[in-house]
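Listed here are the chains, written in short residue letters.
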Amino acid sequence: ACEPRKFGYAIVGLGNYAINQILPAFSECQHACVTALVSGNKEKSNRIAEQYGIEKSHLYSYEDFDKIADDPEIDAVYIILPNSLHAEFTIRAFKAGKHVLCEKPMAVTVEECQNMIKAGKEAGKKLMIGYRCHFDPVTQKAISIACGDQLGKLKIIETTNAQMLNPTDSAGQWRLNKKLAGGGSLIDNGIYGINGSRYLLNEDPIEVKATFVPTDNPIFKEVEDRILWAMFYRSGVVSHGICSYSTNVTSHFSLIGDKATLLLDPATTYWANKVSLRQSMHHISSFKSTFKFDQLNQFSAQLDHLPISIARKSETLATGEEGMQDLRLIKAIYEAAYNNSSVST
Ligand code: NDP
């Protein structure tokens with residue numbers, strides 16, 4: 001239980017991200033607290049409930065999840081399950097009369113996204129997607145620079161998102177399973193580059209080209225390791241992105257205009273993001289300024305954002321429509337790569 005004025009979340013799925021990033025972040029929230037847990041592992045959920053002072057009467061399994069409808073301490077559920085379960089639990093939560101914060105990717109198909117949005121509208125509840133970078137001051141600074149005139153005419157966006165997937169840990173296992181993950185590095189990592197290009201450019205592409213990068217690593221039987229794409233925009237900008245499941249962890253964005261380059265490196269980590277602006281001087285040397293920020297807990301800010309948006313009756317910074325648009329682009333990239341063709345978006 002938490003102070004009654006605070007907004008209560010049920011955390012659904014007690015995996016790496018829930019345990020190591022989200023649950024600890026409640027201690028820095030002003031408006032939100034954790035009031036319930038949903039898990040397939042009773043022993044783990046009992047242990048975590050004790051750690052966070054959650055009463056046993058607020059512990060649920062996936063089977064009795066719908067009973068959350070009768071739990072007044074739950075205002076919203078935060079879905080942190082494997083990707084293919086996001087749609088089912090979002091729709092069940094809306095039917096139970098709760099708001100939903102759902103992890104990225106929003107779902108594994110565009111149709112699922114449409115059903116999730118529809119269920120939220122029918123329930124009169126909010127759907128927010130876990131695009132935590134919106135709550136990072138580094139991203140906010142980058143968006144303000146990208147929207148201004150410091151870069152000149154924007155021409156190129158580059159994004160790289162990579163990590164080394166471990167096939168022996170549980171998070172690695174479902175990510176390698178097409179049915180549970182919905183795709184490989186693109187839907188898991190590359191999505192940061194797709195969403196990032198969209199929030200930095202504030203424009204959607206009109207055409208996509210893509211190719212899978214071949215691999216002889218036998219763990220990639222069902223999902224891709226590396227995929228490379230290009231997106232073309234009406235404004236004349238071109239973006240190119242790559243993502244990987246078999247390399248050193250990397251998250252890098254650059255926006256290249258005719259006056260300056262904006263660099264985010266790293267761009268989408270939990271704590272260490274950096275933004276800098278590079279301008280050419282006399283075509284030879286370059287002047288680089290890196291902006292400094294106080295470290296802000298993006299997870300706590302994200303958790304607080306949903307109750308704040310509900311109270312203000314305003315849209316969240318990461319709506320279901322945003323999540324669905326990323327899924328549309330992911331689908332276009334896969335289609336372009338499978339058919340070795342351009343896809344209009
Ligand atoms: P984990 O594998 O660590 O955790 C997933 C949890 O889901 C499991 O621990 C389990 O919890 C539950 N679960 C229910 N059914 C299954 C199943 N069939 N197979 C495996 N697990 C199942 O994954 P992550 O925490 O890394 O990722 C979870 C979600 O969060 C994903 O959608 C991912 O994209 C997203 N994510 C987002 C991040 C971000 O920065 N925004 C970072 C990392 C992940 P239990 O034992 O309690 O039932």
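Rules and cut-offs
- Residues numbered from 1 in each chain as written.
- Predicted model: local features only at pLDDT ≥ 70, side-chain atom pairs only at ≥ 80, totals over all residues.
- Heavy atoms only, no water.
- Pairing = 2+ DSSP bridges.
- Helix = DSSP H or I, 4+ residues; strand = E, 2+ residues; numbered from the N terminus.
- Contact = heavy atoms within 4.5 Å.
- Axes fitted to C-alpha atoms, helices over the stretch in contact; angles between N-to-C directions.
- Near = heavy atom within 4 Å.
- Polar contact = N/O pair within 3.5 Å; in protein donor to acceptor, adjacent residues only side chain to side chain.
- Areas by Shrake-Rupley, 256 points an atom, 1.4 Å probe, with all protein chains shown as cover.
- 1 Å grid on protein atoms, 1.4 Å probe; cavity = no way out; pocket = protein on both sides within 12 Å on 5 of 7 lines; lining within 4 Å.
- Sits in = over half its atoms within 2 Å of the grid points.
- Buried < 20%, exposed > 50% of the residue type's maximum accessible area, 1.4 Å probe, protein only.
- Domains from an automatic or database assignment.
- Buried area = accessible area lost by both parts, 1.4 Å probe.
- Salt bridge = Lys/Arg side-chain N within 4 Å of Asp/Glu carboxyl O.
- Core = buried A, V, L, I, M, F, W, Y, C linked by side-chain atoms within 4.5 Å.
- Expected span 1.5 Å × (residues − 1).
- Bend = angle between axes of the 7 residues up to and from the residue.

A. Summary view of the sheet that holds strand β1 (residues 7-12). Taken in spatial order, the 6 strands of this open sheet run β3-β2-β1-β4-β5-β6, and their pairing is parallel. At either end of the open sheet lies a strand with only one pairing partner, and these are β3 (59-60) and β6 (127-129). By the bridge criterion, 4 bridges tie strand β4 (residues 76-79) to strand β5 (residues 99-102) in an arrangement that is parallel. Bridged to Val77 within β5 is Val100. The sheet contacts of helix α1 (residues 16-25) involve β1, β2 (32-38) and β4, and relative to β1 the element is tilted by about 165°. Relative to β1, helix α9 (residues 298-312) is tilted by about 130°, and along the sheet it contacts β1, β2, β4, β5 and β6.

B. Region of the structure containing the site of the ligand. Taken together, 28 residues surround the ligand, and among them Ser39, Lys44, Tyr62, Arg132 and Trp174 come closest. Take Leu14: an N or O atom from its main chain is 2.9 Å from an oxygen atom of the ligand. Calculation on the ligand without its partners gives an accessible area of 890 Å², and the protein chains cover 84% of this total. Under a 2 Å grid-point criterion requiring more than half of the atoms, the pocket assigned to the ligand is the largest pocket. The set of elements that each furnish at least two residues to the shell around the ligand consists of α1, α6 (170-175) and α8 (185-201). Here the shell around the ligand takes 3 residues from α6, the largest share from any one element.

C. Here's a closer look at unusual backbone geometry. Cis peptide bonds are those with omega within 30 degrees of zero, and the linkage from Lys104 to Pro105 qualifies with -15°. You can see Pro105 is positioned in the loop between β5 and α4 (110-123). The phi dihedral of Asn202 falls on the positive side, at around 55°, and the residue is not glycine. By the secondary structure assignment, Asn202 is in the loop between α8 and β8 (207-213). Residue Asn202 is classed as exposed on the basis of its relative accessible area, which comes to 67%. Of note in this structure, Lys313 is not a glycine but carries a positive phi near 55°. Inspection of the secondary structure assignment puts Lys313 in the loop between α9 and α10 (320-339).

D. Fine view of the domain arrangement of the chain. Segmenting the chain into domains produces domain 1 (7-130) and domain 2 (135-295 + 327-344). Computed from C-alpha atoms alone, the centre-to-centre distance between domain 1 and domain 2 is 28 Å. Each partner contributes residues to the interface: domain 1 has 16 residues there, and domain 2 has 16 residues. Of the roughly 1200 Å² buried between domain 1 and domain 2, counting both surfaces, carbon and sulfur atoms make up 65%. Broken down residue by residue, the surface that domain 1 buries against domain 2 is led by Asn83, Lys104 and Val110, which jointly contribute 35%. Counting across the interface, domain 1 meets domain 2 through 1 salt bridge.

E. Highlighting the nonpolar core. Tyr9, Ile11, Phe26, Leu37, Val77 and Leu303 are the most contacted members of the largest nonpolar core, which has 99 residues in total. The element contributing the most residues to this core is α10, with 9 residues. When residues of this core are sorted by domain, at least three fall in each of domain 1 (7-130) and domain 2 (135-295 + 327-344). Those residues in contact with Val77 that lie beyond four places of it in its chain are Tyr9, Ala10, Val12, Phe65, Ile68, Ala93, Lys98, His99, Val100 and Leu101. Among the nonpolar cores identified, the runner-up in size contains 5 residues, and Leu165, Leu176, Phe220 and Tyr245 belong to it.

F. Spatial organisation of the side chain of Ser300. Structurally, Ser300 can be placed in helix α9. For Ser300, a relative accessible area of 3% puts it in the buried group. For Ser300, the residues in contact, after removing those within four places along its chain, are Ala25, Glu28 and Cys29.

G. Main features of α9. For α9, built from 15 residues, the straight-helix expectation of 21 Å at 1.5 Å per residue is met to within 8% by its first-to-last C-alpha distance of 20 Å. For α9, the principal kink sits at His305 and spans about 25°; a proline, Pro307, occurs within the next four residues. Taken as a whole, α9 has its buried residues at Gln298, Phe299, Ser300, Gln302, Leu303, Asp304, His305, Leu306, Pro307 and Ser309. Of the surrounding secondary structure, the elements contacted by the buried residues of α9 are β1, α1, β2, β4, β5 and β6.

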